[in-house]
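Geometric and topological summary
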Amino acid sequence: MRTGVMFLIMVIVAVASLGVGHLHYNPLQILHGLVDPESLGRVGHEVIYNIRMPRILASLLAGGALAMAGASLQSVFHNPLVDPHIIGVTSGAAFGGTLALLLGLGGFGLMTLAFGFGLGSLVLVYGLARLMGTQTRLMLVLAGVILAGFFSALVSMVQYLSDNEEVLPQIVFWLMGSFSAMTWHKVGVMTAFIGGAGMLLYFLRWRLNLLSLGDTEAKSLGVNVVKLRWLFLILAALLTSTQVASSGAIGWIGLVVPHIARQLVGHDNRRLLPMSALLGATIMVVVDDLARTLLSGEIPIGIITALIGAPLFAFILFKNRKGLA
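Residues numbered from 1 in each chain as written. Predicted model: local features only at pLDDT ≥ 70, side-chain atom pairs only at ≥ 80, totals over all residues. Heavy atoms only, no water.

Focus: the packing of helix α9 (residues 205-212) against helix α11 (residues 225-247)
Viewed as axis vectors pointing N to C, α9 and α11 meet at an angle of 130°, and their least axial separation amounts to 11 Å. Between α9 and α11, the crossing angle belongs to the class labelled oblique. Like other packed secondary-structure pairs, α9 and α11 cross with a definite hand, here left-handed. Taken together, the residues of α11 that come into contact with α9 (itself represented by R207, L208 and L211) are V225, L228, R229 and F232. Here the residues of the contact of α9 with α11 sort into five nonpolar, no polar and two charged. (Axes fitted to C-alpha atoms, helices over the stretch in contact; angles between N-to-C directions. Helix = DSSP H or I, 4+ residues; strand = E, 2+ residues; numbered from the N terminus. Parallel < 35°, antiparallel > 145°, perpendicular 65-115°, else oblique. Left-handed = near helix turned anticlockwise from the far one by under 90°. Contact = heavy atoms within 4.5 Å. Nonpolar A, V, L, I, M, F, W, Y, C, P; charged D, E, K, R; others polar.)

Laid out in structure tokens, this is it:
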């Protein structure tokens, strides 16, 4: 029931957001324009269908992807403080994107390198864990932290080597996240990867409940814990690296949204994952609306998510301080 209500809210927010911007349209104009595109006029049609609609769809996909990835990782690692950054995928994808900007490879090269390095970082996490001789949850987290720090240093190196007048501002703005350069082609790529990984997570969400029982209990039920854990890590990496490749590094959504979703539907991943996806998608659209309307120029998404997410997460921790003690 609550999931259905959240889906309805998401649709209403997405449709209403089509009219939000410096060129404003009321809800009736938007609904009429969706039924009869010619009623918007040439300028209105361009604004609604080729500028706002792709970025709103991208916002929905990105927010849902980060929230699902965060919820699944928190269940896999039995830790409510885990988010997509912890496995090193975000930092790896960020390095790939900044390297593409430094080399001037264009939009396709940026998405390719960001996606490739994002998934490559997960391979390195696996290799490092194997090198240490164990693939426990703690070792995977430590390997992710090591690689995240390594790739963050490489990002800083790329910024240091870049041209201060042209390339560096592009890198800094991209790293803070934005949907301003979104196109229908990028939306199609995001839909393919995020849709595929998201659907697999949705259909396998009940298995997350098995991992949440603990390794010993899951093994007693016949579950191959290591393989199942890596399957969820790969799916979370696909979601995260696709988001970073398309719209830059955006923090806090994958950490905070699953906590809010648990307050609404509880800890059962069969309800938690879809609620997290819908809630994350809705919040990301609202954040994007704020990014393009608060000031005359566009504010990077990452700034707004941090300004909202950090105090909100502090409030959640304060509210649940007894359970975390």
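Let's talk about the layout of surface pockets
Where empty space is left can be seen by rolling a probe of water-molecule size over the atoms. Looking at the second largest pocket, its volume works out to about 360 Å³. Lining the second largest pocket are 17 residues; nearest its centre among them are L61, G64, M68, I194 and A277. Of all elements in the fold, only α3 (41-76), α8 (184-203) and α13 (269-291) reach the threshold of two or more residues within the lining of the second largest pocket. Residues belonging to the lining of the second largest pocket are distributed by class as follows: 14 nonpolar, three polar and no charged. (1 Å grid on protein atoms, 1.4 Å probe; cavity = no way out; pocket = protein on both sides within 12 Å on 5 of 7 lines; lining within 4 Å. Points joined across faces, edges and corners; volume = space filled by probe spheres on them.)

Some thoughts on the nonpolar core
Core analysis: the biggest nonpolar cluster contains 94 residues, and I48, F77, F179, F232, L233, L239 and M284 have the highest contact counts within it. For this core, the element with the highest residue contribution is α3, accounting for 16 residues. Those residues in contact with L233, other than ones at most four positions away along the chain, are L73, F77, I87, L122 and L140. (Core = buried A, V, L, I, M, F, W, Y, C linked by side-chain atoms within 4.5 Å. Buried < 20%, exposed > 50% of the residue type's maximum accessible area, 1.4 Å probe, protein only.)

Things to note about helix α4 (residues 89-103)
Here α4 is 15 residues long and its end C-alpha atoms lie 21 Å apart, about the 21 Å a rise of 1.5 Å per residue gives. Taking burial as the measure, the 15 residues of α4 include twelve buried ones, the bulk of the element. If you check which residues of α4 are buried, you get V89, T90, S91, G92, A93, A94, F95, G96, G97, T98, A100 and L101. Directly after α4, the chain includes G104, whose backbone phi takes a positive value near 65°. (Expected span 1.5 Å × (residues − 1).)

Quick notes on a nonpolar patch on the surface
A grouping of I303, L307, I308, L312 and F315 is seen on the molecular surface, where their side chains present a nonpolar patch of about 460 Å² in accessible area. The topology assignment puts I308 in helix α14 (residues 301-319). For I308, a relative accessible area of 42% gives the class partly exposed. (Patch = residues over 30% accessible without salt bridge, like charges linked within 9 Å, V, L, I, M, F, W, Y side chains within 5 Å. Areas by Shrake-Rupley, 256 points an atom, 1.4 Å probe, with all protein chains shown as cover. Salt bridge = Lys/Arg side-chain N within 4 Å of Asp/Glu carboxyl O.)

Description of the environment of M199
Relative to the assigned elements, M199 resides in helix α8. A C-alpha to C-alpha distance of 31 Å links M199 and G33, two positions 166 residues apart in sequence.

Describing the pattern of salt bridges
Enumeration according to the criterion identifies six salt bridges in this entry. Ionic pairing is found between R55 and D288, a salt bridge with its closest N-O pair at 2.7 Å. Of this pair, R55 sits in helix α3 while D288 sits in helix α13, placing them 233 residues apart in sequence. Notably, a salt bridge pairs R270 with D268, separated by 2.7 Å at the nearest N-O pair. A network of salt bridges, in which partner residues are shared, links R55, D288, D289, R292 and E298.

Digging into the packing of aromatic side chains
Evaluated as defined, the whole model comprises seven aromatic pairs. Both rings, one in Y202 and one in F203, keep their centres 5.6 Å apart while their planes meet at 75°; by these two values the pair is edge-to-face. Relative accessible area serves as the criterion here: at 53%, F203 is assigned to the exposed category. Site record: aromatic cluster; members linked through ring pairs are F95, F117, F150 and F151. Looking at R205, its charged tip hangs above the ring of Y202, at a distance of 3.9 Å from the centre. (Phe/Tyr/Trp six-rings, centres within 6.5 Å; stacked < 30°, edge-to-face > 60°. Lys NZ or Arg CZ within 6 Å of the ring centre and 35° of its normal.)

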